[in-house]
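# Structure assessment
One letter stands for each residue in the lines below.
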Amino acid sequence: ELQNEVAKIVEEKNQEENQKESVTAIKAVEIAEKSVVGISNVQMQQSGFSIGEIEAGSGSGVIYKKEGGKTYIATNNHVVEGADVIELTLWDGTRIEGKIIGADPFTDLAVLVTDSNNLPNPIELGSSKDLRKGQTVLAIGNPLGLNFAGSVSKGIISGTERIIPVDVDKNGSIDWETEVLQTDAAINSGNSGGALIN
C-alpha cells in the first residue's frame, strides 16, 4: 500500500510539472509569435514577350529592432536570395513590402527593413551562451508556407557550438564553417529564418 501511495504522489507531481511547463510554453509563444513574420521571395520571370511575378520561395523572419520609423527583420539569406520583391506577412495576415539592406551567404543571414512602423514589438533576443543541452525550446515559423503560418514545434537543445561546413558557390568544396545550435524541434524549409525561443 505504501508503494502505491508513493507511486500516486510521484504521478501527481509529474502531472503538476508537465502542466507548469505547458503553461510556460504557452506564455512564451504568446509573447514571441507576433514578432515572427512570413517572407515571400517574389522574382520576375519572363515568358515569351510577357514578364510576370512568381513566388520563388518562402520562409520566416523575426522583428528584432524598431528605430527611426523603420522596422528591422532578421532572416536567412537563402530565404531572400535572388528576390526582386520581398513581401512580409504579419501574424494577423497583413501584407507589406520589405527591402533587403544586408545579406551574408557565408553565415546565411540577411536583414530586411520596412518603413511601416506600425508593426508588433521586436522579439527579446537571448544569448546562445545561456543555453544548455537538454533545455526545452520552441520553433515558431511557417513550415510549409503561409498556409501554416505561426506553427509551433517543441524540442530540446541537442548541442551548442556545432560547426558545420558551408559550400556557398555549390562547387563541392567547403568555403566556410559556421557555428550553430542543434535542436530536435521539428523544422521544415519554411521555418528558415524563424524564431527559436526558450
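What counts and what doesn't
Residues numbered from 1 in each chain as written. Predicted model: local features only at pLDDT ≥ 70, side-chain atom pairs only at ≥ 80, totals over all residues. Heavy atoms only, no water. Pairing = 2+ DSSP bridges. Helix = DSSP H or I, 4+ residues; strand = E, 2+ residues; numbered from the N terminus. Axes fitted to C-alpha atoms, helices over the stretch in contact; angles between N-to-C directions. Contact = heavy atoms within 4.5 Å. 1 Å grid on protein atoms, 1.4 Å probe; cavity = no way out; pocket = protein on both sides within 12 Å on 5 of 7 lines; lining within 4 Å. Points joined across faces, edges and corners; volume = space filled by probe spheres on them. Nonpolar A, V, L, I, M, F, W, Y, C, P; charged D, E, K, R; others polar. Salt bridge = Lys/Arg side-chain N within 4 Å of Asp/Glu carboxyl O. Buried < 20%, exposed > 50% of the residue type's maximum accessible area, 1.4 Å probe, protein only. Core = buried A, V, L, I, M, F, W, Y, C linked by side-chain atoms within 4.5 Å. Expected span 1.5 Å × (residues − 1). Phe/Tyr/Trp six-rings, centres within 6.5 Å; stacked < 30°, edge-to-face > 60°. Lys NZ or Arg CZ within 6 Å of the ring centre and 35° of its normal. Polar contact = N/O pair within 3.5 Å; in protein donor to acceptor, adjacent residues only side chain to side chain.

To continue, consider the sheet that holds strand E9 (residues 176-183). What the four strands build is an open sheet, ordered E9-E8-E7-E10; its pairing is antiparallel. On the outer flanks of this sheet lie E9 and strand E10 (195-197), each paired with one strand and no other. Ignoring which end each strand starts from, the neighbouring axes of this sheet average 45° apart. As judged from the seven bridges shared by strand E8 (residues 151-166) and E9, these two strands associate in the antiparallel manner. Its bridge partner being in E9, Ile-157 is matched across the sheet by Thr-183. Docked against the sheet, helix H1 (residues 2-32) engages strand E7 (136-141), E8 and E10, running at close to 35° with respect to E7.

Moving on: the pairing of strand E5 (residues 95-104). Looking at chain direction, strand E4 (residues 85-89) and E5 are connected through four bridges and run antiparallel. If you follow Leu-88 over to E5, its bridge partner there is Ile-96. Following E4, the chain reverses through five residues before pairing antiparallel with E5; Gly-93 in that reversal takes a positive phi of roughly 95°. Two elements, E5 and strand E6 (residues 109-114), share five bridges in a ladder whose sense is antiparallel.

A few words on the layout of surface pockets. Considered as a void within the structure, the second largest pocket measures approximately 170 Å³ in volume. Within the lining of the second largest pocket, the residues separate by chemical class into three nonpolar, two polar and four charged.

For the structure shown, the criterion picks out three salt bridges. Across the pair Glu-87 and Arg-95 runs a salt bridge whose closest N-O atoms are separated by 2.5 Å. The class for Arg-95 is partly exposed, based on a relative accessible area of 49%.

This paragraph deals with the nonpolar core. Among the nonpolar cores identified, the biggest contains 14 residues, and Val-37, Ile-39, Ile-73, Val-80, Ile-86, Leu-88 and Leu-112 are the most heavily contacted of them. Elements represented by at least two residues in this core include exactly strand E1 (36-47), helix H2 (77-80), E4 and E6. Ignoring any residue separated from it by four or fewer positions in sequence, one finds Ile-86 in contact with Ile-39, Ser-40, Val-80, Ile-96, Glu-97, Gly-98, Ile-100 and Leu-112. Val-36, Leu-138, Ile-140 and Ile-197 belong to the second-largest nonpolar core, a separate cluster that totals ten residues.

Along its 31 residues, H1 runs 45 Å from first to last C-alpha, staying within 8% of the 45 Å computed at 1.5 Å per residue. Among the residues of H1, those classed as buried are Ala-28, Val-29 and Ala-32.

Tallied over the full model, the rule gives two aromatic pairs. Both rings, one in Tyr-64 and one in Tyr-72, keep their centres 6.5 Å apart while their planes meet at 55°; by these two values the pair is tilted. Over the face of the ring belonging to Trp-91 we find Lys-34, whose NZ or CZ atom lies 4.5 Å from the ring centre. The ring of Tyr-72 carries the charged tip of Lys-65 above its face, separated from the ring centre by 4.7 Å.

Before going further, it helps to spend a moment on the side chain of Asn-41. As for its position among the elements, Asn-41 is in strand E1. Within the structure, the side chain of Asn-41 is placed 3.2 Å from the side chain of Gln-43, a separation counted as a polar contact. Apart from residues lying up to four places away in sequence, Asn-41 is in contact with Ile-54, Glu-55, Ala-56, Gly-57, Val-79, Val-80, Glu-81, Gly-82, Ala-83 and Val-85.

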